[in-house]
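The primary structure of each chain is shown beneath.
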Amino acid sequence: MTKQEIPFGRPWIDDRDRNEVLEVLRGHILTHGPVCKAFEEAFVQLMGGGHAATTSSCMAALHLASLHFELGPGDEVLVPAQTHVATAHAIELVGAKPVFIDCETVTGNIDTELLEPAVTKRTKAISLVHFAGIPADMNKIMAIAESYDLKVIEDCALAVGARWNGSHVGLLGDIGCFSFYPIKHITTGEGGMVVSRDAGTVQKIAKFRAFAVDRNFNERQVPGLYDVTGVGMNCRMSEMQAALGRSQLAKIDQILARRAANFDALRESLRGIPGTRVLCSATPQSHSSHYCLVVILEGALGQRRNEIIGRLKEAKIGTSIYYPQPVPRLSYYRERYGYSPGQFQGAETISDRSIALPVGPHLELDHMAAIAGGLKTIVKEMSA
Ligand SMILES: *Cc1c(COP(=O)(O)O)cnc(C)c1O
C-alpha cells in the first residue's frame, strides 16, 4: 500500500502464516486432521470456554444452525432488518420465514423493544447479528427467548473478540457463527466456526457438516465402513485453511488492540464534525471487536452520502457500507414478503446515510488522522 492509499480491508498474512500452510502441504492429511482440531481448541481458548467446530463459511455455519434446530416450513424466526443477507438466507434456505425486526441507531443492533410484539405461536427462534462487532443486548434478548422458549442464534461474523458482560459473544445464545472471510478479524480465505456452550450441539453439528456420517475417517475400525444417521452436507474446513486460521488466531490480541486503538483515535478526531455521529457501544457490559467505525450522516448531509463516499474515494480513502440495504428491501425479500418505504426506519437510516470507515490492523494512527482530515474537509466544503 502506498503512503496515501487507505484500503477498507486487507488480510494481514505474514511469513509464519505462510509457513504453517506449507507445513500441512508437506504432509498427507488435508482434511479431517489434527490442525482443524487444534484451531477449534485455540478458538475455545480465546472465548474462555464452550465448544467449537470449523466450517467452510459463516453462511454454512448459520445454515447448519437452522438445520440443527429443525427450523422449517411454518416456523418463524425473528431476524434483524439490518444485517448481512446470510443471517436471513439461513432461515429462508430451510423454508422457515424470516420476520424482520428494525434496528436501533445507537449501536445498529436489533431493537429489543420490537421483539416481544413480533412473537407469534409460530416463532421458534431469534437469529441476531452483533452489528459491526458491537454486541447486541443479550440480557434482553435471552430474557425474551426464555419466556417464549425460543432458540437463539448469534451471527458473530464481525465479532471475534467481542464480549457481553465478560462472556465472549457466540456463547450467550444457543449457537454462535463466525466468519473467516479475508477482511474479517482473522481469515482462512473462506471459512467459519460454529460455537456453543453445549458440547452435544457442537458434536451433532460436526456430523451434519460431513454428510451426517456417524463416524469420521479416524473413528472407523474397519476402513471404509460407516452408517448415516441423517441428511447432512459437506461444509468442512480443510487442514490448509485451519493452519492459516490457527496462525492468524495466535496474533488476535495484537489485531484487537490495534483495531481498538485505531477506532478510539478515529472517533476522537471525528468529534465535532457537524451533522455526524458514530455508532458505538458505550456501556460497561459491552466490549466491541471494533470491526469498523460507522459514521451516520444526519440531516441534509445524509442526502449526500454517496457523493461523500465518491470524494473519499478520490482521496484514496477506502470505505464500505454495512449494510447497503435493509435485508427486506433486497429484491428477493422485497418480492417475497413486500416492502414499504419507512417500514424499517432504523435500518434505512444505516443503509442510506452511513459510511463505514476502516480501522483494521493494516492501518496506523497516521491513517486515522488522514481519514478524519479527509472527511472534515469534504463536509466543510459541502456546507460552505
Ligand atoms: C461476512 C458476514 C457473513 C458471511 O460470512 P461468510 O463466511 O462469507 O459466509 C455473515 N454474517 C455477517 C454479519 C457478515 O458480516
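Residues numbered from 1 in each chain as written. Predicted model: local features only at pLDDT ≥ 70, side-chain atom pairs only at ≥ 80, totals over all residues. Heavy atoms only, no water.

Draft legend 1. Spotlight on the pattern of salt bridges. Applying the stated rule across the entire model yields 18 salt bridges. The residue Lys251 makes a salt bridge to Asp17 at a minimum N-O spacing of 2.9 Å. Here the residue Lys251 occupies a position in the loop between α8 (239-249) and α9 (252-270), and Asp17 occupies one in helix α1 (residues 15-25), the gap between them amounting to 234 residues. Per residue, the accessibility class of Lys251 equals that of Asp17, and both read buried. A salt bridge links Lys140 to Asp137; the shortest N-O distance between them is 3.9 Å. Judged by relative accessible area, Lys140 falls into the partly exposed class, the value being 41%. (Salt bridge = Lys/Arg side-chain N within 4 Å of Asp/Glu carboxyl O. Helix = DSSP H or I, 4+ residues; strand = E, 2+ residues; numbered from the N terminus. Buried < 20%, exposed > 50% of the residue type's maximum accessible area, 1.4 Å probe, protein only.)

Draft legend 2. Examining the packing of helix α2 (residues 34-47) against α8 more closely. The contact between α2 and α8 brings their axes to 8 Å, and the two run at 30°. Classified by the angle between their axes, α2 and α8 sit roughly parallel to one another. In this structure, α2 crosses over α8, and the sense of that crossing is left-handed. Contacts between α2 and α8 involve Pro34, Val35, Cys36, Ala38, Phe39, Ala42, Phe43 and Leu46 on the former and, on the latter, Glu239, Ala242, Ala243, Gly245, Arg246 and Leu249. (Axes fitted to C-alpha atoms, helices over the stretch in contact; angles between N-to-C directions. Parallel < 35°, antiparallel > 145°, perpendicular 65-115°, else oblique. Left-handed = near helix turned anticlockwise from the far one by under 90°. Contact = heavy atoms within 4.5 Å.)

Draft legend 3. Summary view of the site of the ligand. The ligand sits among 14 residues. The nearest are Cys58, Met59, Asp155, Ser179 and Lys184. With respect to the ligand, the side chain of Tyr323 contributes an N or O atom lying 2.9 Å from an oxygen atom. Protein coverage of the free-state accessible area of the ligand, which is 390 Å², stands at 92%. Taking a 2 Å distance to the grid points as the criterion, the majority of the atoms of the ligand fall inside the second largest pocket. (Near = heavy atom within 4 Å. Polar contact = N/O pair within 3.5 Å; in protein donor to acceptor, adjacent residues only side chain to side chain. Areas by Shrake-Rupley, 256 points an atom, 1.4 Å probe, with all protein chains shown as cover. 1 Å grid on protein atoms, 1.4 Å probe; cavity = no way out; pocket = protein on both sides within 12 Å on 5 of 7 lines; lining within 4 Å. Sits in = over half its atoms within 2 Å of the grid points.)

Draft legend 4. Structural detail: the pairing of strand β4 (residues 123-129). Burial within β4 is extensive, with six of its seven residues counted as buried. Of the strand pairs in this sheet, strand β2 (residues 76-80) and β4 are connected by three bridges, and their pairing is parallel. Opposite Leu78, over in β4, you have Ile126 as the bridge partner. Here β4 runs beside strand β5 (residues 151-155); their pairing, made up of five bridges, is parallel. Looking across to β5, one finds that Ile126 is bridged to Val152. (Pairing = 2+ DSSP bridges.)

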